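Each chain, written out:
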Amino acid sequence: MGAEKLHVTVDHQQCQGVGYCERVAPEVFQLGDDALSHVIDPRPPESERDAVEEAATLCPSRAIRY
């Protein structure tokens, strides 16, 4: 209780398509045919929070928000 629910987004203007996000949180992110990261579950369960935070930290372009 009290924890804010995740709402994950990727800024495609910033995304470089490196793919760290997909590697650490494959249930949430996927690289698309355009070589950019796409959010496949914008409201992931709380159990994915650590993976989403790690993906955002590893993102070299800082394109991930949650």
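Our structure is the block above this text.
What counts, and at which threshold
Residues numbered from 1 in each chain as written. Predicted model: local features only at pLDDT ≥ 70, side-chain atom pairs only at ≥ 80, totals over all residues. Heavy atoms only, no water. Buried < 20%, exposed > 50% of the residue type's maximum accessible area, 1.4 Å probe, protein only. Helix = DSSP H or I, 4+ residues; strand = E, 2+ residues; numbered from the N terminus. Arc of directions from axis to C-beta. Contact = heavy atoms within 4.5 Å. Disulfide = S-S within 2.5 Å. Core = buried A, V, L, I, M, F, W, Y, C linked by side-chain atoms within 4.5 Å.

Digging into helix α2 (residues 49-58)
Logical step 1: Residues Arg49, Ala51, Val52, Ala55 and Ala56 constitute the buried set of α2. The arc that holds the buried residues of α2, viewed along the axis, is 165 degrees, so those residues lie on one side. Pointing more than 90 degrees away from the buried face of α2 are the exposed residues Asp50 and Thr57.
Logical step 2: Lining the buried residues of α2 we find α1 (20-24), β2 (29-31) and β4 (64-65).

Observations concerning the state of the cysteines
Logical step 1: Following the criterion strictly, the structure yields zero disulfides and no others.
Logical step 2: Residue Cys21 stays outside any disulfide, its sulfur separated by 6.4 Å from that of Cys15, the closest cysteine.
Logical step 3: Overall, the relative accessible area of 7% leaves Cys21 in the buried class.
Logical step 4: Residue Cys59 stays outside any disulfide, its sulfur separated by 6.4 Å from that of Cys15, the closest cysteine.
Logical step 5: Taking the relative accessible area as the measure of exposure, Cys59 reaches 10% and is therefore buried.

Looking at unusual backbone geometry
Logical step 1: Positive phi, normally seen in glycine, also occurs at Ala35, with a value near 65 degrees.
Logical step 2: Relative to the helices and strands, Ala35 is located in the loop between β2 and β3 (37-39).
Logical step 3: For Ala35, a relative accessible area of 45% corresponds to the partly exposed category.
Logical step 4: Although it is not a glycine, Arg62 adopts a positive phi angle of roughly 55 degrees.
Logical step 5: With respect to the helices, strands and loops of the structure, Arg62 is situated in the loop between α2 and β4.
Logical step 6: The class for Arg62 is partly exposed, based on a relative accessible area of 45%.

Topic: the nonpolar core
Logical step 1: Ranked by internal contacts, the top residues of the largest apolar core, which has 16 residues, are Val8, Val10, Val28, Phe29 and Ile64.
Logical step 2: Residue contributions to this core peak at four residues, all from α2.
Logical step 3: With residues near it in sequence (within four places) discarded, Phe29 still touches Val8, Val10, Cys21, Glu22, Ser37, His38, Val39, Ile40, Ala55 and Ile64.

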